[in-house]
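Each chain, written out:
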Amino acid sequence: MAADINEGTVPSYYREVHQAICSRTDERVPVSVFQRVLSRTSLSITVQNQIAEHVNSGDGFLSKVSLYKGLALIALAQQGKPPSPKLLENFIQELPKPQLGEPKELQSLKMQTVQESPLNLSLTLAELLKKDTIKVELIPEKKGLFLKHVEYQVTSERFTLSVYRRYNDFDVFHELLLQRYAYRVVPALPPKRALKGVLTSMSEREFIEGRRRALGRFLNLVARHPVFSEDELVKTFLTFSGSDVQTKLRDACRKMGDEFMTCKYATQAKDYLPGDIQSQFSSSRELIKNIHYSFQKLRDRAERMAQRSKENATDLLMFGKELSSLGSDESPVPILASCKSPWAALRRSVKGLSFEFSLLSEKAAQQGRREEDDVVEKLNLFLDLLQSYRDLCERHEKGVLHEHQRALQKYGVMKRQMLSATVQPKEQVSVEQLESRIVQQENAIQAMELRNYFSLFCLHQESQLIFTYLPITSHILGAFVNSQVQGHKEMGEVWQDLHSKLKSLFGDGNGQSPPLSPK
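Residues numbered from 1 in each chain as written. Predicted model: local features only at pLDDT ≥ 70, side-chain atom pairs only at ≥ 80, totals over all residues. Heavy atoms only, no water.

### Brief notes about the overall build of the protein
Summing up its helical and strand segments, the protein has 17 helices and five strands in all. Every one of the 519 residues in the protein was classed for burial, and the buried ones make up 39%. For the protein, long-range pairs separated by at least 24 residues make up 75% of all intrachain contacts whose partners lie at least 6 apart in sequence. (Helix = DSSP H or I, 4+ residues; strand = E, 2+ residues; numbered from the N terminus. Buried < 20%, exposed > 50% of the residue type's maximum accessible area, 1.4 Å probe, protein only. Contact = heavy atoms within 4.5 Å.)

Shown next, in the form of structure tokens:
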């Protein structure tokens, strides 16, 4: 039957719908208009997407026959049947009529502008990265009477300002972000002090530098977040230059409350969620966990390569120094009866080679810094985001869901007590108190249910944020390849110069180096 769908075989309602939503000059129907038709149905987002996939030709328009097919699938789905084209193949009766209202009412759909669901994030990675770039630099230590304090200069490109912050300021800012945005990905802060035993494997200077980098990543992720970036807390932290930024931040947070209290979609979140939100959340969580694991492995390898470049720089420098030391030895060379030693001339030449090895060491060190700054740091940025997503998932399960379940259990106990009170006569006052408590608990459960749906709403958006960041993989690979190309090119040029120098110093008359062993 599906292959035979045409003008004469469909109900007149199909033709009337087509006439209402097609343009005057083209009998085709824009896919965006058909999406609006789907949104008028009571079908779940998943079913709507299935129908759209079955009829979408990929060019942005539906032919008349494709529209008829879509209308038939809508009608089947509204009857509780799966919207499968196979059901239409052997359809003997007249195609069912979808419940869409009067065709004339549909005419306005082709005039409407597309309104994006607030559930969807429409930003690209490039747009997120353009929101702001934050630089965090160490400033010289200020020593107090007993302790020395590390202070940071925080510079925002967006606000074109620099402010000074201590670690405790970051700590308060992070705490307030978690209070206000408990349902969002709030990146973790690095530890204030090195964990026990850590300083045995790294110096205090290395720890402070690592913490500076981590604080920079934290601020960049926060400043580029589509919700955080417009928040007064973030603006205050990045721009307030007064003496007590912590009090300023707390006052701002106290006035605003948490996101559930200020977001206009909070109490309507359930209406925007797809019917299969739980399965979507589970699959996204599992996929992101696997991505996190793979990126950790990539980061570990990149760190090892950067470390090897630094070690190579040290070895090349020491190699050059040993050559210089060898050539600087002024001890007289004895004249042996059997041969005339060329060592006096050779050692002067050897000393001159230390310059090239010093240059090679410098190039290797630059290579290590590029690998650390351009590759490892980008990997760590994305890993910080992935870890904060996993932390969010745990907060959702251990926080909102757990509290909701406890409230339901408490409500069940109260209801049983109420039933017992009606069966066994008790004092009127105690019964009224129990009724009042039950009403309060019902209100609490309703509030928790709203928060649970809002938590899922936010989780869905944060999952989209992770996938929006995934193209950073190409940035990381590009930085890695470029660092290797540049490093090998620069070092290759020095090695080539060294090769030419060796030929002129030690080569024979034909410019060829003598063999190291007899042929």
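That was the structure; now back to the text.
### Quick word on the packing of aromatic side chains
Counting across every chain of the model gives 15 aromatic pairs. Measuring from centroid to centroid gives 4.8 Å for Phe319 and Phe357, while their planes differ by 40°, and the two rings are tilted. Placement of Phe319 in helix α13 (residues 277–328) and of Phe357 in helix α15 (residues 354–423) is noted, with a sequence separation of 38 residues between them. Assessed through its relative accessible area of 46%, Phe319 is described here as partly exposed. Residue class for Phe357 comes out buried when judged on its relative accessible area of 9%. Three or more aromatic residues joined by ring pairs make a cluster, and in this case those are Tyr183, Phe260, Tyr265, Tyr272, Phe454 and Phe457. Across the ring face of Phe237, the terminal group of Arg165 is positioned such that the distance to the ring centre comes to 5.2 Å. (Phe/Tyr/Trp six-rings, centres within 6.5 Å; stacked < 30°, edge-to-face > 60°. Lys NZ or Arg CZ within 6 Å of the ring centre and 35° of its normal.)

### A look at helix α7 (residues 167–180)
Counted at 1.5 Å a residue, the expected span for α7 with its 14 residues is 20 Å, and the 20 Å between its end C-alpha atoms agrees. Among the residues of α7, Tyr167, Asp169, Phe170, Val172, Phe173, His174, Leu176, Leu177 and Arg180 are the ones counted as buried. (Expected span 1.5 Å × (residues − 1).)

### Examining the environment of Ile291
If you trace the backbone, Ile291 turns up in helix α13. Separated by 92 residues in sequence, Ile291 and Leu383 place their C-alpha atoms 9.4 Å apart.

### Section: the pattern of salt bridges
Inspection of the entire model under this criterion finds 24 salt bridges. Two residues, Asp231 and Arg180, come together in a salt bridge whose shortest N-O distance is 2.7 Å. Of this pair, Asp231 sits in the loop between α8 (204–223) and α9 (232–239) while Arg180 sits in helix α7, and the two are 51 residues apart along the sequence. A single burial state applies to Asp231 and to Arg180, both of which are buried. Linking Glu493 and Lys489 is a salt bridge whose minimum nitrogen-to-oxygen distance equals 3.1 Å. With Glu493 and Lys489 both in helix α17 (residues 472–506) and four residues apart, this pair spans about one turn of that helix. Residue Lys489 is classed as exposed on the basis of its relative accessible area of 53%. The structure contains a network of salt bridges with shared partners spanning Glu209, Arg212, Arg213, Arg217, Lys310, Glu372, Asp373, Glu377 and Asp384. (Salt bridge = Lys/Arg side-chain N within 4 Å of Asp/Glu carboxyl O.)

### Regarding the side chain of Arg211
Within the secondary structure, Arg211 sits in helix α8. Despite its burial, Arg211 pairs with no opposite charge, the nearest such side chain being Glu204 at 7.6 Å. Those residues in contact with Arg211, other than ones at most four positions away along the chain, are Val150, Tyr152, Tyr167, Pro190, Pro191 and Lys192. (Lys, Arg positive; Asp, Glu negative; His and termini not counted.)

### Here's the deal with the nonpolar core
By size, the foremost hydrophobic cluster in this structure holds 33 residues, and its most contacted members are Tyr14, Ile21, Phe34, Ile51, Ile74, Leu95 and Leu106. Breaking this core down by element, the ones donating at least two residues are α1 (12–21), α2 (31–39), α3 (45–55) and α4 (64–78). No other element matches the eight residues that α4 contributes to this core. Sequence-distant contacts of Ile51, that is, excluding residues within four places in its chain, are made with Phe34, Leu38, Leu43, Gly70, Leu73, Ile74, Ala77 and Pro83. Formed by 32 residues, the second largest nonpolar core is a distinct cluster that contains Ile134, Phe228, Val245 and Cys253. (Core = buried A, V, L, I, M, F, W, Y, C linked by side-chain atoms within 4.5 Å.)

Keep in mind that these numbers describe shape and distance, not what the molecule does.
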